[in-house]
Amino acid sequence: MYAEVLIQYGVKVLDKSFTYKIPDNLNVKLGNKVKVYFANKLINGIVVNIKEKTELDKVNEIITVVNSDI
């Protein structure tokens, strides 16, 4: 499974989502705040879509879910 994540980079939210692999050990849902690596930094993002497949060759994984109560 893969998640489309809006990145909170600096003080802005980038207007494009990025695809991250959902590790088997994480329960990721729409709206979850997650920690991901972006530009070699561990930052926050928000899950805006979940899909089963991706056309991308190389995809980073979500590191952790920050709020799982959604």
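Being a predicted model, the structure only gives us computed values, none of them experimental.

Enquirer: Please set out the overall build of the chain residue by residue, giving values where relevant.
Expert: When helices and strands are counted, the chain shows zero helices and five strands. Order of helices (α) and strands (β) in the chain, N terminus to C terminus: β-β-β-β-β. Across the 70 residues that make up the chain, the buried fraction comes to 29%. A separation threshold of at least 6 residues defines the contact pool for the chain, and within that pool the share at least 24 residues apart is 61%. Per element, the accessible surface of the chain, about 4900 Å² overall, is 48% carbon and sulfur.

Enquirer: Would you mind going over the pattern of salt bridges in detail, with residue names and values included?
Expert: Evaluation of the coordinates by the stated rule reveals one salt bridge. Here Lys51 ties to Glu4 by a salt bridge, and the two come within 2.7 Å at their closest N and O atoms. Note that Lys51 is positioned in strand β4 (residues 41–51) and Glu4 in strand β1 (residues 2–9), a separation of 47 residues in sequence. A relative accessible area of 10% means that Glu4 is categorised as buried.

Enquirer: Any details on the pairing of strand β3 (residues 33–38)? Residues and values, ideally.
Expert: Alternating positions in β3 separate cleanly, Val34, Val36 and Phe38 being buried on one face and Lys33, Lys35 and Tyr37 remaining unburied on the opposite face. Relative to β4, β3 is paired through six bridges, and the arrangement is antiparallel. By the bridge assignment, Val36 is partnered in β4 with Ile43. Here β3 folds back onto β4, and the loop between the two strands holds two residues, one of which, Ala39, carries a positive phi near 55°.

Conventions used here
Numbers given for residues are sequential positions, taken from 1 along each chain in its written order. In view of the model being predicted, local features appear only for residues whose pLDDT reaches at least 70, and side-chain atom pairs are presented and counted only at 80 or more, with totals across whole chains, interfaces and linings using the full set of residues. Calculated side-chain values reflect all of the structure's heavy atoms, with hydrogen atoms and water omitted. A run of DSSP states H or I qualifies as a helix once it reaches four residues; a run of E qualifies as a strand once it reaches two. Both are numbered from the N-terminal end. Three labels apply to residues, based on accessible area from a 1.4 Å probe with only protein chains included: buried if under 20% of the type maximum, exposed if over 50%, partly exposed otherwise in between. By the convention used here, residues are in contact when the closest approach between their heavy atoms is within 4.5 Å. All accessible areas in this document rest on Shrake-Rupley with a 1.4 Å probe, and a residue is counted as covered only by the protein chains that are shown. Any carboxyl oxygen of Asp or Glu that lies within 4 Å of a side-chain nitrogen of Lys or Arg is treated as forming a salt bridge with it. Here the rule is simple: two strands pair whenever DSSP picks up at least two bridges between them.

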